[in-house]
Amino acid sequence: QAKQQGRNNAQRYHARQTEQTRHRVRMENALRHAIEQDALDVWYQPQVDLATSQLVGFEALCRWHDPKHGMVAPSEFIPLAEHNGLIVPLGALVLRKACAQICSWRAAGYRPPRVAVNVSGRQLRRLDFLSTVCAILDETGCRPEWIELEVTESDILKDAEPAIATLHGIREMGIALSLDDFGTGFSSLSYLKRLPINTLKIDRSFIDGLPDDGNDRAIVQAVLAMGRSLGIAVLAEGVETPAQVHALRLMGCGSAQGYHFGRPAVAADHTGVLPQA
Ligand code: C2E
Ligand code: MG
Ligand code: MG
Ligand code: MG
């Protein structure tokens, strides 16, 4: 009886595993196809100066609408792409589309603020990363100072020395760098000192508890103090409420991004708020 039960459980477990594997393979193929067809979209989320409420940047975020599966969440397809290496062509696609968007805004007489593009550790570790970025800037006519690249501290720490060398190369090209999801990666202060970073992006998980949670407040204050003493700007991610804005202003945080200021949206939705030349 018990043995039969165990066998049934094992079979059900096996069937579920098989189904999950099939699903993953289907999604991988669909994603590969979408990249080949240049069919991924880039949405933009505003970043604002907390003191003046002025628009100071956008973050470019990849979106995938699959004809069969509908909108697929980045939390599903980004880890998949990280796993199978598709993140390399995906990242290049997003950078190319963001650079092209900046140029078409400028051609239409707008002066968009800097657009930040996420870069995965797998891209950063490729020997041809810098030349790929160069080629995309050349091909689109985008200037290095019009973009920023975002890397996560955990991605750098995995194999720090070559990654840090590439970060210096990026800065030498005249491209700004920010450290994404800051606070989640256990990076040591001695590393931080060696990273040629312009901006620390405090992870949303520490903004969540503001203004009431004493631990979150202490962490945010510590990051702000660190930023000040190292001469690195600090941006708060995932700001959703006026109370969070108020707390961050009082603590002297420079800039912020989050649903309170604007959700990620297609480029055309932002045209109305862009400064003109
Ligand atoms: P991230 O780089 O930390 O991007 C910020 C994420 O927070 C975005 O999620 C954004 O939509 C979300 N967000 C912004 N404001 C708020 C808020 O007020 N509340 C909440 N709850 N969420 C907010 P999204 O677009 O789903 O992307 C998730 C992650 O996927 C990104 O986190 C990034 O790590 C990755 N990702 C997205 N696009 C790309 C890409 O082109 N390349 C790479 N390598 N990663 C990407
Ligand atoms: Mg990011
Ligand atoms: Mg991230
Ligand atoms: Mg982040």
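Refer to the preceding data block for the structure.
Predicted, not measured: the structure shown is a model, and the values here were computed from it.

**Student:** Can you help me understand the coordination of the magnesium ion (ligand 4) in this one?
**Tutor:** Looking at the magnesium ion (ligand 4), one finds its protein donor set to be Asp180 (OD), Asp181 (OD), Glu237 (OE) and Glu237 (OE), positioned 2.0 to 2.4 Å from the metal centre. Donor residues for the magnesium ion (ligand 4), ordered by position in the chain, follow D-D-x55-E. Separation of the magnesium ion (ligand 4) from the magnesium ion (ligand 2) amounts to 4.2 Å, with aspartate 180 serving as a shared donor to the pair. One end of the pair, aspartate 180, is in strand 6 (residues 176-182); the other, glutamate 237, is in the loop between strand 8 (233-236) and helix 11 (242-251), with 57 residues separating them in the sequence. Glutamate 237 carries the same exposure label as aspartate 180, and that label is buried.

**Student:** What's the story with the side chain of threonine 271 in this structure? I'm lost.
**Tutor:** Tracing the backbone through its elements, the reader meets threonine 271 in the segment after strand 9 (255-257). Exposure remark for threonine 271: the relative accessible area of 19% places this residue in the buried category. Not counting residues up to four positions away in its chain, the partners in contact with threonine 271 are Trp105 and Tyr110.

**Student:** What's the story with the site of ligand 1 in this structure? I'm lost.
**Tutor:** Close contacts around ligand 1 come from 21 residues, with Arg63, Asn118, Asp180, Glu240 and Tyr259 the closest. One of the side-chain nitrogen or oxygen atoms of aspartate 180 is found 2.8 Å away from an oxygen atom of ligand 1. Here a nitrogen atom of ligand 1 and a side-chain polar atom of glutamate 240 are 2.5 Å apart. When the free accessible area of ligand 1 is taken as 790 Å², the share hidden by the protein chains comes to 83%. Looking at the shell around ligand 1, the elements that each hand over two or more residues are strand 2 (55-66), helix 2 (74-84), helix 3 (87-107) and strand 6. Broken down by element, the residue count for the shell around ligand 1 peaks at four residues, all from strand 2. Grouping the amino acids of the shell around ligand 1 by side-chain chemistry returns nine nonpolar, five polar and seven charged.

Definitions and cut-offs
Residues numbered from 1 in each chain as written. Chains lettered and ligands numbered in written order. Predicted model: local features only at pLDDT ≥ 70, side-chain atom pairs only at ≥ 80, totals over all residues. Heavy atoms only, no water. Donors = N, O, S within 2.8 Å, 3.2 Å for Na, K, Ca; no water. Helix = DSSP H or I, 4+ residues; strand = E, 2+ residues; numbered from the N terminus. Buried < 20%, exposed > 50% of the residue type's maximum accessible area, 1.4 Å probe, protein only. Contact = heavy atoms within 4.5 Å. Near = heavy atom within 4 Å. Polar contact = N/O pair within 3.5 Å; in protein donor to acceptor, adjacent residues only side chain to side chain. Areas by Shrake-Rupley, 256 points an atom, 1.4 Å probe, with all protein chains shown as cover. Nonpolar A, V, L, I, M, F, W, Y, C, P; charged D, E, K, R; others polar.

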